[in-house]
Amino acid sequence: METSSTLNVQSQHVTIRSFTNEDIPEKVLSNILEAGRRAPTSSNMQAYSVIVVKDPAVKKELAVLAGNQKQIETCPVFLAFCADLHRLNKVCELHDVEMTNNLETFLVSTIDASLVGMSVQTGAESMGLGAVMIGAMRNHPGDVARLLGLPPHVYVTYGMCLGWPVKQNIPPQKPRLPKDIVIHNEQYNQTDPTDKIKSHDDELAQHYLALGKNLHSAAWSGVIARSLSGTMRPENLNILTGLGFNICQKP
Ligand SMILES: Cc1cc2nc3c(=O)[nH]c(=O)nc-3n(C[C@H](O)[C@H](O)[C@H](O)COP(=O)(O)O)c2cc1C
């Protein structure tokens with residue numbers, strides 16, 4: 001067997017931002033979440049939580065906190081994937097030990113939340129649903145935590161809008177970087193990737209041109225360079241520390 005229904009779903013992925021008014025049946029949602037809960041988890045710690053948000057008023061506030069991303073309002077279900085050390089802190093209290101709270105536990109919980117979310121997205125897409133991940137939950141992580149009633153040691157790593165795609169608004173697949181600069185055999189291939197990056201710029205420019213969109217002169221690298229030369233949420237070190245993640249703790 002050279003392919004599978006799962007590989008087909010993964011290969012057809014596109015981010016969906018336009019949803020119909022139709023609800024997601026409870027059974028469909030619970031099946032997707034149950035399958036997502038089978039995701040692998042670091043040392044079986046299960047250091048994540050998922051908050052299912054359907055309340056239009058809460059989704060509206062989340063949309064504002066995410067920079068007015070309308071799809072958070074229009075999707076029937078919003079999922080907040082949280083890195084969660086709260087439960088593990090209880091586990092340590094149960095056994096009279098102090099929980100390690102450092103960069104590693106931050107990474108463990110963030111990775112666990114990310115894996116569950118990715119698994120949920122693939123499951124949802126396999127059911128014909130569309131999804132968009134919302135990293136902008138980290139624009140104001142403190143406000144998001146208050147809005148969703150998060151206890152200490154929990155933050156929303158990213159969110160996800162789920163719903164039925166408006167068929168005529170399903171975008172064509174976005175090109176990806178050439179595979180030989182992202183997949184390496186045995187050792188990292190340190191050949192200068194500049195030419196491949198430029199060819200990706202051209203390919204993405206064609207993609208946007210076909211959609212009638214305004215172009216940056218370097219469609220991929222220009223946008224990425226501009227965003228990486230910015231400050232990239234510098235206040236989040238303090239905010240996440242305030243939420244109970246001791247990212248900077250020295251041993
Ligand atoms: C962690 C993460 C956060 C994202 N955050 C947002 C977001 O806040 N808003 C949005 O419209 N898309 C968001 N996206 C979707 C990406 O923009 C999208 O995956 C990327 O442009 C590639 O397009 P494709 O998924 O259609 O191939 C996010 C994706 C990931 C993985």
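Residues numbered from 1 in each chain as written. Predicted model: local features only at pLDDT ≥ 70, side-chain atom pairs only at ≥ 80, totals over all residues. Heavy atoms only, no water.

1. Observations concerning a positive patch on the surface
A cluster of basic residues, Arg-17, Lys-174, Arg-176 and Lys-213, forms a positive patch on the protein surface. Along the chain, Arg-176 turns up in the loop between β4 (154-163) and α8 (179-182). (Patch = residues over 30% accessible without salt bridge, like charges linked within 9 Å, V, L, I, M, F, W, Y side chains within 5 Å. Areas by Shrake-Rupley, 256 points an atom, 1.4 Å probe, with all protein chains shown as cover. Salt bridge = Lys/Arg side-chain N within 4 Å of Asp/Glu carboxyl O. Lys, Arg positive; Asp, Glu negative; His and termini not counted. Charge placed at Lys NZ, Arg CZ, Asp CG, Glu CD. Helix = DSSP H or I, 4+ residues; strand = E, 2+ residues; numbered from the N terminus.)

2. A closer look at the sheet that holds strand β3 (residues 130-134)
What the four strands build is an open sheet, ordered β1-β2-β4-β3; its pairing is antiparallel. Single-partner strands in this sheet number two, and they are β1 (48-53) and β3. For this sheet the average axis-to-axis angle between neighbouring strands, irrespective of direction, equals 25 degrees. Pairing between β3 and β4: five bridges, direction antiparallel. Directly across from Ala-131, in β4, lies its bridge partner Leu-162. In the packing of helix α5 (residues 86-94) onto the sheet, the strands contacted are β1, β2 (77-84) and β4, and the crossing angle to β2 comes to about 40 degrees. (Pairing = 2+ DSSP bridges. Axes fitted to C-alpha atoms, helices over the stretch in contact; angles between N-to-C directions. Contact = heavy atoms within 4.5 Å.)

3. Thoughts on the packing of helix α2 (residues 26-36) against helix α6 (residues 103-126)
Running from N to C, α2 and α6 cross one another at 140 degrees; their axes reach a closest spacing of 8 Å. When the interaxial angle is binned, α2 and α6 end up oblique. Here α2 runs over α6; the crossing is right-handed. Residues Ile-32, Leu-33, Ala-35 and Gly-36 of α2 lie in contact with α6, whose contacting residues are Val-116, Ser-119, Val-120, Gly-123 and Ala-124. Among the residues making up the contact of α2 with α6, the classes are represented as six nonpolar, three polar and no charged. (Parallel < 35°, antiparallel > 145°, perpendicular 65-115°, else oblique. Left-handed = near helix turned anticlockwise from the far one by under 90°. Nonpolar A, V, L, I, M, F, W, Y, C, P; charged D, E, K, R; others polar.)

These results come straight from atomic positions and should not be treated as a statement about function.
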